[in-house]
Every structure is written in C-alpha cells, then in structure tokens.
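# Chain and residue survey
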Amino acid sequence: MTERAYAPGSVTVVFVPQDDPEEGSLGVSFAVEDGVTATVEPAAETVVRLDGDRTDFEPVERLLSRLNVSAAVELDAAVPVGRGFGASGAATLATALAANEAFGLGRSRESSVRAAHRAEVAAGTGLGDVFVQDRGGVVWNTGDGVRRAEPDGETVAYASYGGISTVSVLGDKEAIAAVAAAGREALSSFDPEAPLPELFDAAWRFADESGLATDAVRTAVADVTAAGGSATMAMVGETVLAVGAPGVLPNRTRLTASGAELR
Ligand SMILES: Nc1ncnc2c1ncn2[C@@H]1O[C@H](COP(=O)(O)OP(=O)(O)OP(=O)(O)O)[C@@H](O)[C@H]1O
Ligand SMILES: CC(C)(CO)[C@@H](O)C(=O)[O-]
C-alpha cells in the first residue's frame, strides 16, 4: 500500500552537541510549517526521489534498512535541503511514519520517532531535529530535559545563500568545540518566555561566536539589524532568519505548533 506523511521543517538557532546523542543535543529549535512530505510504496529495492529526481538520502536509506524494508520513496520538500531547515530529519521522520503504515509494522509513534532519530545520528545529518518535528512548537533543552512552548504562528523571513554540510560540521572536532563553548554561554542566559526578536538577538551572539557564520550571513544579519529587525543563522546552513524587518529578506515561513502526521 502507498502511504504518505508530512513532517514540518525545523530550525535550530543554538546548539551544544552531547557526547551521547541518544536524547539529542542541548539547544533551542522551532518547527516551521514548510516541511517535507514522504510518499512510501513497498518495492523490491529502495529508491529515493527528491522533488522528482533520484538521489542518495543516507538517513532515509538507513531508516528503511533498520526497519528491514525496501521502498520507493518520493520526497517533496517545501524548504531547501542542506540549508538549516532540518529537511533530512523531516524526510526521515515522514518516511518512518508512512513506512509504518505502508508495511503494517505496528510500531508506536515513539518507536518510529526513535528509529528516525537513530538513522539521523548514524548518518551524521542531525542530533535531535526529529524530536522537534515530532511535536512541533518551540523546543529547547538547556540541560534539564526537553521543554516545549506553543508559538502563535509568527512569520519569519529568510534568505539562503548556500548549503553547509551538517555531516562535515558534526565530524570536525575543533568546529564542534567552538560551537559547544558558544552554545553553553548562550544557554546559560536563555529566556524561554522571550519574544522572537530577543531570542534571535541572543541566538546571533551564539552564531557570531560559533565560527559557523559566513560573510554572506553576516552581511544579511547587518542589513536586517540596520532596518530595525533581529536576525540569526539557521544551524547549520548558510541561511539567515529575520523578524521585524519586512522586505529585507525574500522568503517567508511560519512557526507551527503542529507536529508530523500522516496525510
Ligand atoms: N539535492 C540535495 N541537496 C542536499 N542534500 C541532499 C540532496 N539530495 C539528497 N541529499 C541528502 O540530504 C541530506 C542532507 O542533510 P543535511 O543534514 O545537510 O540537511 P538538512 O537537514 O536540510 O540541514 P540541517 O540539518 O543543517 O538543518 C544528506 O543525507 C544528503 O546526502
Ligand atoms: C545538528 C543540528 C544542530 C544542526 O544541523 C540540528 O540538525 C539538530 O539538532 O539535529
């Protein structure tokens, strides 16, 4: 049977990788309504297509082999892949939910989410995005467990200047040490009740010190700030998100309180 599921995208604005990735990284993320839809059909061998084109998609392939199935998977992404919108996690989670139905696997939701998380960690493409995409909303962990708040569907503007491979950043010890130091500092004063402009300003202090911000990112953040807005970088992509400066960045999405679901 052919089954379809959707998972929202997600943006991580602060993170501190953990030695044991089982429960995800520490940090602050939120789900956005533009995400990924996966259509899963049992097949003799696994083939993944992204927006119609055949592609290698390691976390999705790992997930299916862990579930012991092979399938034709069609992914439709409303956010760019590899640019900080957690498209790999969304694709993997949506595939897990659809595959559970398509193959009658009878797994609980939690077990599907775990399988998607393990495949993301094993592929090196994520450290916790699927937990955000499972629930929706603003999700953070400053060290004492995962917390969640419901956003009001705020609109954020964004621009993307290029991809940054999550695998290469997570695999670079020096880069991760700089990120972790900046992230710990940011989380020590994180205020979960703060409105988005304040959250973005605090997140930018982290991004600025993380070693991950590029020139294009810095220029865009400066343009938004000059127009009276707040901006920060989506981790990890050459992508800037902004609030309070309409017209400066070309694209838009909205925060969502809804998590992944069958469609
Ligand atoms: N056209 C494509 N562009 C980028 N990645 C692609 C593409 N097609 C397949 N992939 C696969 O998608 C995955 C992208 O993972 P990555 O974690 O870098 O992206 P992301 O989840 O969108 O970004 P982030 O984790 O930074 O939010 C990789 O497994 C890569 O091989
Ligand atoms: C690793 C990460 C912080 C950036 O890609 C995010 O994808 C996550 O938390 O999974």
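Residues numbered from 1 in each chain as written. Chains lettered and ligands numbered in written order. Predicted model: local features only at pLDDT ≥ 70, side-chain atom pairs only at ≥ 80, totals over all residues. Heavy atoms only, no water.

Once that is clear, we can look at the nonpolar core. Counting residues in each nonpolar core, the largest one holds 83 residues, and the members touching the most others are Val-13, Phe-30, Val-73, Phe-206, Met-233 and Leu-241. Counting residues per element, this core draws most heavily on helix H2 (residues 87-102), which supplies ten residues. Those residues in contact with Phe-30 that lie beyond four places of it in its chain are Gly-9, Ser-10, Val-11, Val-13, Val-132, Gly-137, Val-138, Phe-200, Leu-241 and Leu-255. (Core = buried A, V, L, I, M, F, W, Y, C linked by side-chain atoms within 4.5 Å. Buried < 20%, exposed > 50% of the residue type's maximum accessible area, 1.4 Å probe, protein only. Helix = DSSP H or I, 4+ residues; strand = E, 2+ residues; numbered from the N terminus. Contact = heavy atoms within 4.5 Å.)

Around ligand 2 sit Thr-12, Phe-15, Ser-25, Gly-126, Leu-127, Gly-128, Asp-129, Thr-166, Met-235 and Val-236, and those are all the residues in its vicinity. Backbone polar atom of Leu-127 to an oxygen atom of ligand 2: 2.5 Å apart, as the coordinates give it. In the complex, the protein chains occlude 96% of the 280 Å² of accessible area that ligand 2 would expose alone. Comparing atom positions with the cavity grids shows ligand 2 to sit within the largest pocket. Residue classes in the shell around ligand 2 are distributed as four nonpolar, five polar and one charged. (Near = heavy atom within 4 Å. Polar contact = N/O pair within 3.5 Å; in protein donor to acceptor, adjacent residues only side chain to side chain. Areas by Shrake-Rupley, 256 points an atom, 1.4 Å probe, with all protein chains shown as cover. 1 Å grid on protein atoms, 1.4 Å probe; cavity = no way out; pocket = protein on both sides within 12 Å on 5 of 7 lines; lining within 4 Å. Sits in = over half its atoms within 2 Å of the grid points. Nonpolar A, V, L, I, M, F, W, Y, C, P; charged D, E, K, R; others polar.)

What follows concerns the packing of H2 against helix H3 (residues 109-123). The contact between H2 and H3 brings their axes to 9 Å, and the two run at 140°. Between H2 and H3, the interaxial angle falls into the category oblique. The handedness of the crossing between H2 and H3 is right-handed. Judged by residue contacts, Ser-88, Gly-89, Thr-92, Leu-93, Ala-96, Leu-97 and Asn-100 of H2 engage Arg-109, Ser-112, Val-113, Ala-116, Ala-119 and Glu-120 from H3. The class makeup of the residues in the contact of H2 with H3 is six nonpolar, five polar and two charged. (Axes fitted to C-alpha atoms, helices over the stretch in contact; angles between N-to-C directions. Parallel < 35°, antiparallel > 145°, perpendicular 65-115°, else oblique. Left-handed = near helix turned anticlockwise from the far one by under 90°.)

Sites flagged by UniProt as "domain: GHMP kinase N-terminal" (unreviewed entry) map to residues 63-135. The span residues 63-135 is 58% helix and 10% strand, and its two end C-alpha atoms sit 20 Å from each other. (UniProt positions renumbered as here; feature names shortened; annotations may be inferred.)

Moving on to H3. Helix length check: H3 (15 residues) gives 21 Å between terminal C-alpha atoms against 21 Å at 1.5 Å per residue, within 8%. Buried residues of H3: Ser-112, Val-113, Arg-114, Ala-115, Ala-116, His-117, Ala-119, Glu-120 and Ala-123, and no others. For H3, the elements touching its buried residues are helix H1 (58-66), H2, helix H4 (129-135) and helix H5 (166-170). Immediately beyond the C-terminal end of H3, within one or two residues, lies Gly-124, with a positive phi of roughly 80°. (Expected span 1.5 Å × (residues − 1).)

The subject of this paragraph is the site of ligand 1. By nearness alone, 19 residues border ligand 1, and Thr-55, Gly-82, Gly-86, Ser-88 and Thr-166 come closest of all. Thr-55 is positioned such that a nitrogen or oxygen atom in its side chain is 2.8 Å from a nitrogen atom of ligand 1. Thr-125 places a polar main-chain atom, nitrogen or oxygen, 3.0 Å from an oxygen atom of ligand 1. Taken by itself ligand 1 offers 640 Å² of open surface, and the protein chains cover 75% of this. More than half of the atoms of ligand 1 fall within 2 Å of the grid points belonging to the largest pocket. Among the elements of the structure, H1 and H2 are those that each provide at least two residues to the shell around ligand 1.

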